[in-house]
Amino acid sequence: MPVLEKIHTLLPELSKNERKVADYLLQYPYDVQRFPADAIASSCNTSRSAVIRLCQKLGYKGYLEFKHDLLSELDLKNGNISQHHVTYMNLPTAKNDVLSSYMEGIQQLNQLVSSKELNAIADLILYANKVITMGFEHSSYSANQLTFRLNRQGISSFSICDLTLMTIQLEVIQPGDVVVIFSISGSKLYHNIIEKCHQKRVKVILITMTPKSPLSKLSDYMIALPYVSHSFTKYLIDDAITFFLFIEILIEAIYHKKEKLDSCEQ
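The notes below deal with the structure included here. Sequence order sets the numbering: in each chain, residues are counted from 1 along the sequence as written. Confidence filtering applies because this is a predicted model: local features only for residues at pLDDT of at least 70, side-chain atom pairs given and counted only at 80 or more, and all residues used for totals across whole chains, interfaces and linings. Excluded from the side-chain calculation are hydrogens and water; included are all heavy atoms of the structure.

### Quick notes on the overall build of the protein chain
Reasoning step 1: Summing up its helical and strand segments, the protein chain has 14 helices and five strands in all.
Reasoning step 2: The buried label goes to any residue with under 20% of its type's maximum accessible area, the exposed label to any with over 50%, and the partly exposed label to all in between, with areas taken from a 1.4 Å probe on protein chains only. The buried share of the protein chain, reckoned over its 266 residues, is 49%.
Reasoning step 3: Long-range pairs, those at least 24 residues apart, make up 72% of the contacts in the protein chain with a sequence separation of at least 6.
Reasoning step 4: Total accessible area on the protein chain stands at roughly 13200 Å², and carbon and sulfur atoms take up 52% of it. Runs of E in the DSSP output that reach at least two residues are strands. Runs of H or I that reach at least four are helices, and both are numbered from the N terminus. Two residues form a contact once any of their heavy atoms are found within 4.5 Å. In these tables, accessible area is a Shrake-Rupley quantity obtained with a 1.4 Å probe, and a residue counts as shielded only by the protein chains included in the view.

### Regarding the packing of aromatic side chains
Reasoning step 1: Only Phe, Tyr and Trp rings take part, Trp by its six-membered ring, and two of them pair if their centres are within 6.5 Å. Stacked means planes under 30 degrees apart, edge-to-face means over 60, and tilted covers everything else. Counted by the stated rule, this structure contains four aromatic pairs.
Reasoning step 2: Between Tyr63 and Phe66, the aromatic rings sit 6.4 Å apart at their centres with planes inclined by 45°, giving tilted as the arrangement. Of this pair, Tyr63 and Phe66 both sit in helix α6 (residues 63–74), three residues apart, which is roughly one turn of that helix. As far as the burial class goes, Tyr63 and Phe66 line up, both buried.
Reasoning step 3: Seen in terms of ring centroids, Phe182 and Phe243 are 5.2 Å apart; in terms of plane orientation they differ by 80°. Their pairing is edge-to-face. Taken together, the positions of Phe182 in strand β3 (residues 178–183) and Phe243 in helix α14 (residues 240–265) put the pair 61 residues apart, joining distant regions of the chain.
Reasoning step 4: An aromatic cluster is defined as three or more aromatic residues linked by ring pairs; in this entry it consists of Tyr60, Tyr63 and Phe66.

### What about unusual backbone geometry?
A negative phi holds for most residues other than glycine; trans holds for most peptide bonds.
Reasoning step 1: Even without being a glycine, Glu137 presents a positive backbone phi close to 55°.
Reasoning step 2: Glu137 gets classed as exposed once you look at its relative accessible area, which sits at 57%.
Reasoning step 3: You will see that Arg201, though not glycine, has its phi angle at about 60°, which is positive.
Reasoning step 4: For Arg201, the location among the structural elements is in the loop between α12 (191–199) and β4 (203–208).

### Observations regarding the sheet that holds strand β5 (residues 221–224)
Reasoning step 1: Any two strands with at least two DSSP bridges between them are considered paired. Read from one edge to the other, the open sheet built from five strands follows the order β2-β1-β3-β4-β5, with strand pairing classed as parallel. Here the strands that pair on one side only, and so sit at the sheet edges, are β2 (157–160) and β5. Looking at each pair of strands side by side, their axes are set apart by 20° on average, direction ignored.
Reasoning step 2: Pairing of β3 with β4, which is carried by six bridges, proceeds in the parallel orientation. Note on β4: the bridge partner recorded for Val179 is Val204. Geometry is summarised by axes, namely lines fitted to C-alpha atoms with helices restricted to the contacting stretch, and by angles between N-to-C directions that run from 0 to 180 degrees.

### Let's talk about a nonpolar patch on the surface
Reasoning step 1: In this scheme, patches are assembled from residues that exceed 30% relative accessible area and form no salt bridge. Like charges are connected within 9 Å, while nonpolar side chains (Val, Leu, Ile, Met, Phe, Trp, Tyr) are connected within 5 Å. Any carboxyl oxygen of Asp or Glu that lies within 4 Å of a side-chain nitrogen of Lys or Arg is treated as forming a salt bridge with it. A grouping of Leu99, Met103, Ile106, Ile241 and Leu245 is seen on the molecular surface, where their side chains present a nonpolar patch of about 430 Å² in accessible area.
Reasoning step 2: Counting only elements with at least two residues in the nonpolar patch, the list comes to α8 (98–110) and α14.
Reasoning step 3: Among the elements that take part in the nonpolar patch, α8 stands out by supplying three residues, more than any other.
Reasoning step 4: Take Ile106: it is sitting in helix α8.
Reasoning step 5: Judged by its relative accessible area of 34%, Ile106 falls in the partly exposed class.

### What about a positive patch on the surface?
Reasoning step 1: We score Asp and Glu as negative and Lys and Arg as positive, and we do not count His or the chain ends. To locate a charge, the coordinates of NZ of Lys, CZ of Arg, CG of Asp or CD of Glu are taken. Side chains of Lys16, Lys20, Lys212 and Lys217 sit close together on the surface and give a patch of like positive charge.
Reasoning step 2: With respect to the helices, strands and loops of the structure, Lys212 is situated in the loop between β4 and α13 (215–218).
Reasoning step 3: With a relative accessible area of 68%, Lys212 lands in the exposed category.

### With respect to the packing of helix α2 (residues 16–27) against helix α5 (residues 48–57)
When two helices pack together, their arrangement is given by the angle between the helix axes and the distance between those axes.
Reasoning step 1: Across the interface, α2 lies against α5 with an axial gap of 9 Å and an inter-helix angle of 75°. Considering the angle they form, α2 stands roughly perpendicular to α5. Here Asn17, Glu18, Val21, Ala22 and Leu25 of α2 lie close against α5, whose contacting residues are Ala50, Val51, Arg53, Leu54 and Lys57.
Reasoning step 2: When the residues that make up the contact of α2 with α5 are grouped by side-chain class, the tally is six nonpolar, one polar and three charged. Between 65 and 115 degrees an angle is taken as roughly perpendicular, under 35 as roughly parallel, over 145 as roughly antiparallel, and anywhere else as oblique. Throughout, the ten residues Ala, Val, Leu, Ile, Met, Phe, Trp, Tyr, Cys and Pro are labelled nonpolar, Asp, Glu, Lys and Arg are labelled charged, and all others, Gly among them, are labelled polar.

### Points about the environment of Gln174
Reasoning step 1: Its location among the elements puts Gln174 in the loop between α11 (163–169) and β3.
Reasoning step 2: By relative accessible area, Gln174 is classed as partly exposed at 43%.
Reasoning step 3: In sequence terms Gln174 and Asn129 are 45 residues apart; their C-alpha atoms lie 8.5 Å from each other.
Reasoning step 4: Filtering out sequence-adjacent residues up to four positions away, Gln174 remains in contact with Lys200 and Val202.

### Digging into the side chain of Ser229
Reasoning step 1: As for its placement among the helices and strands, Ser229 is situated in the loop between β5 and α14.
Reasoning step 2: What qualifies as a polar contact is a pair of N or O atoms within 3.5 Å, subject to a donor-acceptor requirement within protein and to the restriction that residues adjacent in sequence count only when both atoms come from side chains. Of the polar contacts made by the side chain of Ser229, one reaches the side chain of Asp239; its length is 2.7 Å.
Reasoning step 3: If near-sequence neighbours (up to four positions away) are discounted, Ser229 is found in contact with Arg34, Ile237 and Asp239.

This is the structure:
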């Protein structure tokens, strides 16, 4: 029996947390190519053990064995997916080309341009003592990019992309500083970092693509961006482009606020 069909058949027998994982995998099966078990669990707002239990109930020793079979079934290498699988994937709006997928994401980003959340974040960054951007692994590129763009606007910023250095930096941050975290999955690895920021009275901005992440409740501000790769099933495309586009929207908002301040001072 195909893996996705096994998951669908097993749904009535699953616990609440296992069902969260199963529903997620049925909707976004390609994420097993991108994410380890911990990140899948974070995206489902559940634990890694729930992911492993589901894999075992499906007859696998663990996540890696399950991942291998699922990716073989999806035939990721050739970009083929059978009609039988589409029923469980729930992807009626899946796009046939990369440009269409990104354009749809851009249209969703357009809704942020005049939003209260964007303006609140722009104000926070503009008046911050300094801005520390954080991103782990692939998200580090976005953290570095925001730091680069802020410094060009005359706003003091630096990026940290190493977990050990992030923890060390928490010892010297001060009230009035702002921490911006880039995390597609809203990974739980930032949980202690955010708690420490709150103890230091440092505001935290989370930029993610997983609005139901546990981090969303911990952060002072959260922006949930469109998860473009979820609408494209031929092969894995890069969500960092969405982060970079958001950064430009944010920089524009900051620029206009600085213009108004400068004109008032003249």
